[in-house]
Amino acid sequence: MAKLAEKTGSRPPWVGLAAAIWVQMAAGNASTFPLYSAALKSVLGFNQQQVTILGVAGELGGNMGLLPGYASNILPPWALLLIGVFSCFLGYGVLWLSISQIVHDLPFWLLFIALVIATNSCSWFMTSSLVTNMRNFPMSRGPVAGLLKALIGISGAAYTVVFSMLLHHSASNLLLFLTVGIPILCLATMYFIRPCVPATGEDPSEPIYFTFLLGTSILLAAYLVVTTVVSEVYSLPSVVRYVLVAVMVLFLFSPLAVPIKMTLFRSDVKSSSDNIANEEGESPQEKPLLISSTSDSNLGSLDDVSDIEVLLAEGEGAVKKNRKPRRGEDFKISQIFVKADFWLLWFSYLLGMGSGVTVSNNLAQIGFAYGIKDTTVLVCIFSFFNFTGRLASGAISEHFVKSRTIPRTLWMGASQFVMVFTFLLFAMDIDHTIYVATALAGIGMGFQLLSIATISELFGLRHFGINFNVILLANPIGASLFSALLAGHIYDQEADKQGNPTCIGPDCFRVTFLVLAGVCGLGTLLCVILTVRIRPVYQALYASGSFKLQPQSAGN
């Protein structure tokens, strides 16, 4: 791959992170399916089974990230965004033509493919912003991953606000917005999503900046939930609706306060790379991006032979490129498949995320089964606490990984342990506890995304784009196993016993919840085993209290 021009300076990474927040909101477009699924039945005449199949198409497209992950090592970020723009425009354009009745009688299989293409734009958008910013902030991977993934979690509430306040609950208008509005947004931010030279030293202001971003994100999430509930309860005049949407936009622009502050109030603190460059009379651009760390001996180094000598020997054919990377270095996709740690992480994510997706996909049916007529509040609760889990997991794990060198997988296991009792609470059907259980399920599902930062720490950033998308493949697999096959089958059986297409009562999901409690128990055990296995790696990576960038292996 040709080396991409990297932007230097302390401000460009923060400008790119601010732009990535908008891209991540765009990457949540798959969450809009419940907003227009009713129109698929009323306008196109589909039955519930056909609508469910189209929902699976959206889940499939949103998690088909292997190609974007592979492309992230070859193409620049703007090219990934451009592919996502075309995917979004083409896929949602076909759906809009069908829903708006401009084109009649489109075959079902074509709409299925169109929805897969449309939601696959999420993978291109997310990979571009997430991979680029993880590389731009290699020593703050937890907060970056937590922040960006959390915004996808709350994007559904943002689309709901736009849908109800600007688009007047019109599915046709929403699909037109997705067809045109999302591509325009991503094209506008394309220039700012770019690789930057990361600082190699500790910036004392960085934790403050991330705290500010996390705080504004929490305020945005709370604002969206309150606004959604208020708009559903009260009939608001047009001016008020526009003002509420404008406030949401201001929240999304607030991350720009960080680079603006850095411009107006320049800091005298210099990174270690700048200090070294000044001492040797060289510019920072001439220094290598990756430097050796004091913890290299813990992970294994090239002994007494320098990297340059090894590379020269390889070029002359005297040494073969056969040294396998060690955990903490850069792994190719073929190399992680033979690592037990990868499969422990993959299966633990499958069990935890698959359980959470089962609740998410069936939340409306769960509410109806428990006697809740309007499930909007349940959806808002789940969305908000899912966002909270995604955000809190990054901050909490980052604190303990730096202060105690505790792997992030411990918190994945702890959240799955809580989910065991959450599903038991669902199954017991105690009055009003469904709201508490829904909130806990949202938090637990959010914590499972710690796997993204974990895979970057165990297997490096060079091939991070494709490696983390392999992890995300567990998402649709878990949804198919636990939601479609388990929950759907049991629900239909109970509905047949009642003689109605809609199942009422706790028995509709009780067996499902009991099975999911056992599934999360197994996931907890896998996380504990993985935590014990990788603790020495984290003790080496965070030996001095901050992440140490590792040298590249000779075989990579």
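Residues numbered from 1 in each chain as written. Predicted model: local features only at pLDDT ≥ 70, side-chain atom pairs only at ≥ 80, totals over all residues. Heavy atoms only, no water.

Moving on, we come to the overall build of the protein. A count of helices and strands for the protein gives 24 helices and zero strands. Look at the contacts in the protein between residues 6 or more apart in sequence, and 85% of them connect residues 24 or more apart. (Helix = DSSP H or I, 4+ residues; strand = E, 2+ residues; numbered from the N terminus. Contact = heavy atoms within 4.5 Å.)

Despite not being glycine, Gln101 shows a phi value in the positive range, around 65°. Its place among the elements puts Gln101 in the loop between α5 (77–99) and α6 (108–136). For Asp429, which is not glycine, the phi torsion reads 55° and is therefore positive. The exposure class of Asp429 is partly exposed, given its relative accessible area of 31%. (Buried < 20%, exposed > 50% of the residue type's maximum accessible area, 1.4 Å probe, protein only.)

Turning our eyes to something else, we now look at the state of the cysteines. In this structure the tally under the stated criterion is one disulfide. Paired through a disulfide, Cys503 and Cys508 show a sulfur-sulfur distance of 1.9 Å. For the disulfide bridge between Cys503 and Cys508, the dihedral angle about the S-S bond is near -90°, and by the sign convention the bridge is left-handed. The thiol sulfur of Cys122 is not disulfide-bonded, and the nearest other cysteine sulfur, from Cys88, lies at 7.7 Å. Between Cys527, a cysteine without a disulfide, and Cys520, which holds the nearest cysteine sulfur, the sulfur-to-sulfur distance is 9.9 Å. (Disulfide = S-S within 2.5 Å.)

Further remarks concern empty space enclosed by the protein. For the structure shown, the criterion picks out two cavities of 30 Å³ or more. For the largest cavity, the calculated volume is near 60 Å³. Those elements that provide at least two residues to the lining of the largest cavity are α7 (141–165), α18 (376–403) and α21 (450–459). A per-element tally of the lining of the largest cavity places α7 first, with four residues. Reported here for the second largest cavity is a volume of approximately 50 Å³. If you go around the second largest cavity, the residues you meet are Ile21, Leu151, Leu213, Thr216, Ser217, Leu220, Phe251, Leu252 and Pro255. Of all the secondary structure elements, the ones that give two or more residues to the lining of the second largest cavity are α9 (206–233) and α10 (238–253). Of the residues forming the lining of the second largest cavity, the biggest block, four residues, is contributed by α9. (1 Å grid on protein atoms, 1.4 Å probe; cavity = no way out; pocket = protein on both sides within 12 Å on 5 of 7 lines; lining within 4 Å. Points joined across faces, edges and corners; volume = space filled by probe spheres on them.)

Here the focus is the confidence of the model for the protein. For the protein, per-residue confidence averages 81 on the pLDDT scale, and residues scoring 70 or more make up 83% of the total. For the protein, the element scoring lowest by mean pLDDT is helix α13 (residues 296–299), at 41; helix α19 (residues 409–428) scores highest, at 95. Low confidence marks residues 552–556, where pLDDT is under 50. Its contacts with residues over four positions away, or in another chain, come to 20 contacts. (pLDDT = per-residue confidence, 0-100.)

Further remarks concern the side chain of Thr422. Within the secondary structure layout, Thr422 lies in helix α19. Residue classification places Thr422 among the buried positions, given a relative accessible area of 1%. With sequence-adjacent residues up to four places away left out, Thr422 is seen in contact with Ala437, Leu440 and Ala441.

Moving on, we get to a nonpolar patch on the surface. Residues Leu67, Tyr70, Ile74, Leu75 and Ile83 make up a contiguous nonpolar surface patch of about 450 Å² in total accessible area. Counting through the fold element by element, Ile74 comes out in the loop between α4 (66–71) and α5. (Patch = residues over 30% accessible without salt bridge, like charges linked within 9 Å, V, L, I, M, F, W, Y side chains within 5 Å. Areas by Shrake-Rupley, 256 points an atom, 1.4 Å probe, with all protein chains shown as cover. Salt bridge = Lys/Arg side-chain N within 4 Å of Asp/Glu carboxyl O.)

Before going further, it helps to examine the packing of α21 against helix α24 (residues 510–541). Running from amino to carboxyl end, α21 crosses α24 at an angle of 75°, the nearest separation of the two axes being 11 Å. The angle between α21 and α24 places the two elements in the roughly perpendicular class. Where α21 approaches α24, its residues Thr454, Glu457 and Leu458 are matched on the opposing element by Ile534, Val537, Tyr538 and Leu541. Across the contact of α21 with α24, the residue classes tally to five nonpolar, one polar and one charged. (Axes fitted to C-alpha atoms, helices over the stretch in contact; angles between N-to-C directions. Parallel < 35°, antiparallel > 145°, perpendicular 65-115°, else oblique. Nonpolar A, V, L, I, M, F, W, Y, C, P; charged D, E, K, R; others polar.)

With that settled, consider the pattern of salt bridges. With the rule as written, the count across this model stands at seven salt bridges. With a shortest N-O distance of 3.2 Å, Lys402 and Glu398 are connected by a salt bridge. Within this pair, Lys402 and its partner Glu398 are both found in helix α18, separated by four residues, close to a single helical turn. A relative accessible area of 25% means that Lys402 is categorised as partly exposed. A salt bridge links Glu457 to Arg408, with the shortest nitrogen-to-oxygen separation between them at 2.7 Å. You can see Glu457 sitting in helix α21 and its partner Arg408 sitting in the loop between α18 and α19, a full 49 residues away along the chain. A relative accessible area of 0% places Glu457 in the buried class. Its relative accessible area of 0% is what places Arg408 among the buried residues. Beyond isolated ion pairs, a larger network of salt bridges with shared partners links Glu398, Lys402, Arg408 and Glu457.

Right, let's talk about α24 for a bit. For α24, which comprises 32 residues, the first-to-last C-alpha distance of 44 Å matches the rise-based estimate of 46 Å (1.5 Å per residue) to within 8%. Roughly 45° is the biggest bend found in α24, and it falls at Ile534, with proline Pro536 one to four residues downstream. (Expected span 1.5 Å × (residues − 1). Bend = angle between axes of the 7 residues up to and from the residue.)

The next thing to look at is the nonpolar core. In terms of nonpolar packing, the biggest core is built from 149 residues, with Tyr36 and Phe125 touching the most fellow members. No other element matches the 15 residues that α7 contributes to this core. (Core = buried A, V, L, I, M, F, W, Y, C linked by side-chain atoms within 4.5 Å.)

On to the packing of aromatic side chains, then. Evaluation of the coordinates by the stated rule reveals 26 aromatic pairs. When the centroid spacing of 5.8 Å and the interplanar angle of 65° are considered together, the rings of Phe337 and Phe342 count as edge-to-face. For Phe337, a relative accessible area of 38% translates into the label partly exposed. Exposure remark for Phe342: the relative accessible area of 0% places this residue in the buried category. For the pair Phe423 and Phe513, a centre-to-centre distance of 6.1 Å together with 20° between the ring planes defines the contact as stacked. A residue pair is termed long-range when its members are at least 10 positions apart, and Phe423 in helix α19 and Phe513 in helix α24 qualify at 90 residues. In this structure Phe423 comes out as buried when scored by relative accessible area, which is 0%. Feature note: the residues Phe331, Phe337, Phe342, Trp343, Trp346, Phe347 and Phe459 constitute an aromatic cluster, connected by ring pairs. Over the ring of Tyr191 we find Arg194; its NZ or CZ atom is 5.1 Å from the centre of that ring. (Phe/Tyr/Trp six-rings, centres within 6.5 Å; stacked < 30°, edge-to-face > 60°. Lys NZ or Arg CZ within 6 Å of the ring centre and 35° of its normal.)

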